[in-house]
Amino acid sequence: MTEPNRLIHTNVSAHQPAAGGIAARARAAAAPRYLSGLNPEQREAVETLDGPVLVLAGAGTGKTRVLTTRIAHILSQGRARPGEILSVTFTNKAAREMKHRLGQMLGEAVEGMPWLGTFHSIAGRILRVHAELVQLKSNFTILDVDDQIRLLKQLLQADNIDDKRWPARMLAGLIDGWKNRGLTPAQVPSGEASVFGNGRGGKLYTAYQARLKILNAADFGDLLLENIRLFREHPDVLRQYQNRFKFILVDEYQDTNVAQYLWLRLLSQAPPSSHALFPAPVAAEGPDPRTARSRNICCVGDDDQSIYGWRGAEVDNILRFEHDFPGAKVIRLERNYRSTGHILAAASHLIAHNEDRLGKTLRTEDVDGEKVTVTGSWDSEEEARTIGEEIEQLQRAGERLNEIAILVRASFQMREFEDRFVTLGLPYRVIGGPRFYERAEIRDALAYLRLINSPADDLAFERIVNLPKRGLGDATVKMLHEIARKRQIPLSEAARAVVETDEMKPKARGSLRALLESFDRWRVQRESMRHTELAEIVLDESGYTEMWQKDRSADAAGRLENLKELIRSMDEFENLQGFLEHISLVMDRDGGADEDAVSVMTLHSAKGLEFDTVFLPGWEEGLFPHQRALDEQGRSGLEEERRLAHVGLTRARRRAKLYFATNRRIHGSWSTTIPSRFLDELPADNVEITESKGGSGWGGTGGYGPSRFDNIDSFGSSYATPGWQRAQANRGRGGFNEAGTPYNASRSTSKRAPVIIEGELIARSTGSDSGFSLGDRVFHQKFGYGKVARIDGNKLTITFEKAGEKKVVDSFVERV
DNA sequence: ATCCAAACCTTTTTT
DNA sequence: AGGTTTGGAT
């Protein structure tokens, strides 16, 4: 967005009268205006319309701009109408951004790019049209993860599989993985299918799919998987879409999984796949052999920003592009318009530690700017406090809060910042945080609406049969389940049947009948009234609103408010179906972006965004890189974490600030942490180490008074540890800066002056001796007195008299 | 059927 | 540590 020559002009219309007049002459005379200001590579990416194109676009190189300009170009050249361009993104945010920018470029005239959206929303949309062909109805429900797990739990129970030993979550993960790879139950390798539940994994997957059909439901994975099945089994349908989409554009191609890849291949009429995981699906049979192969598909991506491997993304897709789409043109965008020199150098140097990459060199013509800073804190609380203060400083200096972001590795880190900002009165917004649509009252309300929309939606039925309480408890539900299972019908149908018999106690029976009648009534009313009005009636007549009105608990008022908000938000949609579709696919709520506030979000959700100042807390081993990534994925996991770090750094335009804390609370208990290896991998020339400014209490001069957190000297002593010395010895390895100035402890005299360490940064533990011996009585600033119980290098396990057993780095305790 | 306490499990990232 | 889910008691 800070690109020097951004587009200002906005009135290229899609269908200019091509003949005669000024427009034609203008076009002949000079390149269209929207092309000016593109650099040569960008321009090539925009203008190469025919045949497959892969754009390798590093961070901040104008990727979105290329995509949107390309669309504008296609339209203004009259090569396709808006409805003939398929343009897929990975996230809703990216889709929104593209729509927004297109709107700016094209003006309101081309409001509708009907086929611009996420993979899931577009696949879902296609699926609705042809639902019957895959044994669904067009009003099918899209299940979220929660529903999915509840359904699987039921299946496990029905099969007498111990939910403890074989958690539904795990099965959900497996099924998800299979679907990501485009595998139907029949196609799952039997070895893989049998790992779950003593060989019953495959059977369960089959049962699950069957159950989904009965419930008239699809989960996220199904949207693509069933789409692929649809295209495979019905070539006529496929051809219809192939003919419609004259141009295909794909954003973030490095994040596509196998299913998405197959889907794209089918639509792009590419020759039969030779994908390792998938032998030739459908032979492309277009009328004209020249159009039948390698259609106009343009994929944009950056292998260095592939951060969704854990979700089944195949970086391989981007690496194999030229092979998959013969004759593809590959264009590299390496000119970065976003970050200053130091930031870009730090990011590039870091990512260079990865082995699996295509390799790009990002360049900038910007000034060097401020160095990337690394700041150590005693614990996460001090980290939050330091960052809070730095933000206030920036604010005083006239920086806008909107241009400041805190990017965390894991969402639990956000809380500390929220707490801090609340006390400071600093406006902030959490992005992708606690989700509106996940709140209980919202889900309840939605369950009512879902059930109206799709009577077979058992999960919704179960959720609300007895909510508010109507005397239809476990016993009733269990009975309905039995009937439903025996006859292979949905619960509500079972309910309908059972009401006619006298299997139930009269009271429950009457209550159930009343509920069914209500739904019948609502479904009739649906035809004649607006969906917002219907929703109000439903919540009212069902007694749901009343339930909360009677509730005297503290949050009841808030919940009622949320329900109102829900109905308000429904208003933007045409009908109930459209609204339900939206909420199941777009689980985040935008809005509120206009006030000036600091953004707090995960690194993952920050992809594609940029800020003047970026704070990156929590750079510690185990958290970042995340232990689980290392355990489960080994080296490739580490590389993905490193790419994540690269993404984080490259979000910053002018200031990138990294933090690590020595102590962090993990699962409730405190543990001592080690600075991230990624810090070691930063180039010294572009980085400065500062100390935490969280408190100046040490020596008793600061505003906070002496604090246990102010053990700043400890960071000094970390550099005197064997780890630091090893680093000194290693200096120069790998061609890094040779001119290291050894750290000296004179910092106590000039505490605030930033210390610049040249050479790689090291503050790590090692396996060597700590100078303490077992049984030593020690004192710790925070935990008090204790005895050394175990020694592991410079990490000590100490039994504290008050605080119990803790692991601590030796430099934080002193012998007494 | 409803309520309360104890176990439990979480904390990677998202459509 | 904290919220959620489960199980048992009323």
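Residues numbered from 1 in each chain as written. Chains lettered and ligands numbered in written order. Predicted model: local features only at pLDDT ≥ 70, side-chain atom pairs only at ≥ 80, totals over all residues. Heavy atoms only, no water.

*Asks:* Is there a simple way to explain the overall build of chain A in this structure?
*Replies:* In terms of regular secondary structure, chain A is built from 32 helices and 25 strands. Of all 816 residues assigned to chain A, the portion counted as buried reaches 56%. In chain A, the share of contacts with a sequence separation of at least 24, taken over all contacts with a separation of at least 6, comes to 75%. Surface accessibility of chain A: about 34,800 Å² in total, with carbon and sulfur atoms responsible for 50%. (Helix = DSSP H or I, 4+ residues; strand = E, 2+ residues; numbered from the N terminus. Buried < 20%, exposed > 50% of the residue type's maximum accessible area, 1.4 Å probe, protein only. Contact = heavy atoms within 4.5 Å. Areas by Shrake-Rupley, 256 points an atom, 1.4 Å probe, with all protein chains shown as cover.)

*Asks:* Any chance you could explain the pattern of salt bridges here in plain terms?
*Replies:* What the rule picks out here adds up to 61 salt bridges. Between Glu233 and Arg229 there is a salt bridge; the shortest N-O distance is 3.5 Å. Linking Glu233 with Arg229, this pair stays in helix 10 (residues 220-233), spanning four residues, or about one helical turn. Residue classification places Arg229 among the buried positions, given a relative accessible area of 19%. (Salt bridge = Lys/Arg side-chain N within 4 Å of Asp/Glu carboxyl O.)

*Asks:* I tried to follow the packing of aromatic side chains on my own but got confused; where do I start?
*Replies:* By convention here, two paired aromatic rings are described through the distance between centres and the angle between planes. Applying the stated criterion across every chain yields a total of 23 aromatic pairs. Their ring planes at 80 degrees and their centres at 5.3 Å tell us that Trp115 and Phe245 sit as a pair that is edge-to-face. Here Phe245 lies in the loop between helix 11 (235-244) and strand 6 (247-250) and Trp115 lies in the loop between helix 4 (92-106) and strand 3 (116-118), a separation of 130 residues in the sequence. A relative accessible area of 7% places Trp115 in the buried class. A ring pair is formed by Tyr448 and Trp522, whose centres lie 6.2 Å apart and whose planes are at 75 degrees; its orientation type is edge-to-face. (Phe/Tyr/Trp six-rings, centres within 6.5 Å; stacked < 30°, edge-to-face > 60°.)

*Asks:* Sorry if this is basic, but what is going on with the protein's contact with DNA strand B here?
*Replies:* Within the structure, DNA strand B sits among 25 residues, and Arg311, Arg409, Ser411, His626 and Arg628 are positioned closest to it. Each atom of DNA strand B within 4 Å of the protein was classed as base or backbone; sugar and phosphate made up 60%. The contact in question runs from a phosphate oxygen of DNA strand B to an N or O atom on the side chain of His626, over 3.3 Å. Considered class by class, the residues forming the surface near DNA strand B number nine nonpolar, 11 polar and five charged. (Near = heavy atom within 4 Å. Polar contact = N/O pair within 3.5 Å; in protein donor to acceptor, adjacent residues only side chain to side chain. Nonpolar A, V, L, I, M, F, W, Y, C, P; charged D, E, K, R; others polar.)

*Asks:* What should I look at first to understand the pairing of strand 16 (residues 598-602) in this one?
*Replies:* Consecutive residues of a regular strand have side chains that alternate between opposite faces of the sheet. Taking burial as the measure, the five residues of strand 16 include five buried ones, the bulk of the element. Side chains Val598, Val600 and Thr602 of strand 16 all project onto a buried face; the interleaved residues Ser599 and Met601 project onto the opposite face, where all are buried too. Sheet topology places strand 14 (residues 404-408) next to strand 16; four bridges connect them, and they run parallel. Directly across from Ala405, in strand 16, lies its bridge partner Ser599. Summarising the sheet, strand 15 (residues 428-430) and strand 16 pair through three bridges and their orientation is parallel. Looking at strand 16, one finds that Tyr428 is bridged to Val598. (Pairing = 2+ DSSP bridges.)

*Asks:* How do you make sense of the nonpolar core when you look at a structure like this?
*Replies:* A general trend in soluble globular proteins is that nonpolar side chains are found buried together. Within the largest apolar cluster, 78 residues are counted, with the highest numbers of intra-cluster contacts made by Phe231, Trp263 and Leu649. Tallying contributions element by element places helix 12 (residues 258-267) first for this core, with eight residues. Per-domain counts for this core show at least three residues from each of domain 1 (33-133 + 230-272 + 293-333) and domain 3 (347-427 + 591-690). Apart from residues lying up to four places away in sequence, Trp263 is in contact with Leu86, Val88, Phe119, Ile122, Ala123, Ile126, Leu224, Asn227, Ile228 and Phe231. (Core = buried A, V, L, I, M, F, W, Y, C linked by side-chain atoms within 4.5 Å. Domains from an automatic or database assignment.)

*Asks:* So what exactly am I meant to see when it comes to the sheet that holds strand 9 (residues 297-301) here?
*Replies:* The strands making up a sheet associate through hydrogen bonds between their backbones, and the pairing can be parallel or antiparallel. The six strands are arranged 3-2-6-9-1-10 in an open sheet whose pairing can be described as parallel. On the outer flanks of this sheet lie strand 3 and strand 10 (329-333), each paired with one strand and no other. Each strand axis lies, on average, 15 degrees off the axis of its neighbour in the sheet, ignoring direction. Across four bridges, the pairing between strand 2 (residues 85-89) and strand 6 is parallel. Paired with Leu86 across the two strands is Ile248, which belongs to strand 6. (Axes fitted to C-alpha atoms, helices over the stretch in contact; angles between N-to-C directions.)

*Asks:* Sorry if this is basic, but what is going on with helix 23 (residues 506-528) here?
*Replies:* Because each turn of an α-helix spans 3.6 residues, side chains separated by three or four positions end up pointing in the same direction. The terminal C-alpha atoms of helix 23 lie 34 Å apart, and with 23 residues this matches the ideal 33 Å at 1.5 Å per residue to within 8%. The inward-facing, buried residues of helix 23 contact helix 19 (440-453), helix 20 (458-464), helix 22 (491-499) and helix 24 (531-541). (Expected span 1.5 Å × (residues − 1).)

*Asks:* Just checking my understanding: could you explain helix 9 (residues 201-214) for this structure?
*Replies:* The end-to-end C-alpha distance of helix 9 is 20 Å, a good match for the 20 Å that 14 residues give at a rise of 1.5 Å each. Phi turns positive, to about 55 degrees, at Asn216, one or two residues after helix 9.

*Asks:* Got a minute to help me understand the side chain of Lys607 in this structure?
*Replies:* As for its placement among the helices and strands, Lys607 is situated in the loop between helix 28 (603-606) and strand 17 (611-616). Note on Lys607: relative accessible area 12%, which makes it buried. Among all residues touching Lys607, those that are not within four sequence positions of it are Glu252, Gln254, Asp255, Gln305, Ile307, Tyr308, Val647 and Arg651.

*Asks:* Explanation requested: the UniProt feature "binding site: ATP" (unreviewed entry) in chain A in the structure shown.
*Replies:* With numbering matched to this structure, UniProt assigns "binding site: ATP" (unreviewed entry) to Ala57, Gly58, Ala59, Gly60, Thr61, Gly62, Lys63 and Thr64. One can find Ala59 in the loop between strand 1 (53-57) and helix 3 (63-76). Among the structural elements, Gly60 can be located in the loop between strand 1 and helix 3. (UniProt positions renumbered as here; feature names shortened; annotations may be inferred.)

*Asks:* Before we go on, may I ask you to explain the confidence of the model for chain A in this structure?
*Replies:* Do not read the fine detail of predicted coordinates wherever pLDDT is low. Put simply, chain A has an average pLDDT of 79, and 78% of its residues get 70 or more. The low-confidence segment residues 1-29 (pLDDT under 50) makes 47 contacts with residues lying over four places distant or belonging to another chain. Between residues 694-769, whose pLDDT stays under 50, and residues either more than four places distant or in other chains, the model counts 140 contacts. (pLDDT = per-residue confidence, 0-100.)

*Asks:* Got a minute to help me understand the side chain of Lys63 in this structure?
*Replies:* The residue Lys63 is located in helix 3 in this model. Taking relative accessible area as the criterion, Lys63 reaches 16% and is therefore assigned buried.

*Asks:* Looking at this model, I keep getting lost on the packing of helix 9 against helix 10. Mind explaining?
*Replies:* For any two helices packed against each other, one specifies the crossing angle of their axes together with the interaxial distance. Two elements in contact, helix 9 and helix 10, have axes separated by 14 Å at closest approach and are oriented at 90 degrees. With respect to each other, helix 9 and helix 10 are oriented roughly perpendicular. From helix 9, Tyr205, Gln209, Leu212 and Lys213 reach across to helix 10, where they touch Asp222, Leu225, Glu226 and Arg229. (Parallel < 35°, antiparallel > 145°, perpendicular 65-115°, else oblique.)

*Asks:* Explain the pairing of strand 13 (residues 372-379) to me, please; I cannot follow it from the model alone.
*Replies:* Taking burial as the measure, the eight residues of strand 13 include eight buried ones, the bulk of the element. In this sheet, strand 18 (residues 652-666) lies alongside strand 13 in parallel orientation, the contact comprising six bridges. When the bridges of strand 18 are listed, Ser377 appears paired with Ala661.

*Asks:* Explanation requested: the environment of Val538 in the structure shown.
*Replies:* As for its position among the elements, Val538 is in helix 24. Between the C-alpha atom of Val538 and that of Phe519, which follows or precedes it by 19 residues, the distance is 8.7 Å. When near neighbours in sequence (up to four residues on either side) are disregarded, Val538 contacts Tyr448, Ile452 and Trp522.

*Asks:* Please clarify how the packing of helix 24 against helix 26 (residues 556-570) should be interpreted in this entry.
*Replies:* Remark: helix 24 packs on helix 26, axes separated minimally by 8 Å, with the N-to-C direction vectors making an angle of 155 degrees. Relative to helix 26, helix 24 is oriented roughly antiparallel. Here helix 24 and helix 26 pass one another in a crossing that is right-handed. In this structure, helix 24 contributes His531, Thr532, Ala535, Glu536 and Leu539 to the contact, and helix 26 contributes Leu563, Ile567 and Met570. Grouping the amino acids of the contact of helix 24 with helix 26 by side-chain chemistry returns five nonpolar, two polar and one charged. (Left-handed = near helix turned anticlockwise from the far one by under 90°.)

*Asks:* Please explain the state of the cysteines as it appears in this structure.
*Replies:* Note: disulfide means a covalent bond formed between the sulfur atoms of two cysteine side chains. One pass over the full model with this rule turns up zero disulfides. In this structure Cys298 is a free cysteine whose sulfur lies 6.8 Å from that of Cys299, the closest cysteine sulfur available. We classify Cys298 as buried; its relative accessible area is 0%. (Disulfide = S-S within 2.5 Å.)

*Asks:* I tried to follow unusual backbone geometry on my own but got confused; where do I start?
*Replies:* Keep in mind that most residues, glycine aside, have a negative phi and that most peptide bonds are trans. Between Leu467 and Pro468 the backbone carries a cis peptide bond, its omega angle lying at 0 degrees. With respect to the helices, strands and loops of the structure, Pro468 is situated in the loop between helix 20 and helix 21 (474-487). In this structure, Pro625 follows Phe624 across a cis peptide bond, with omega equal to 5 degrees. Structurally, Pro625 can be placed in the loop between strand 17 and helix 29 (627-649). Even without glycine at this site, Asn160 takes up a positive phi of about 55 degrees. Its location among the elements puts Asn160 in the loop between helix 6 (145-158) and helix 7 (168-180). Residues other than glycine seldom take positive phi values, yet Asn216 does so here, at roughly 55 degrees. By secondary structure assignment, the location of Asn216 is in the loop between helix 9 and strand 5 (217-219).

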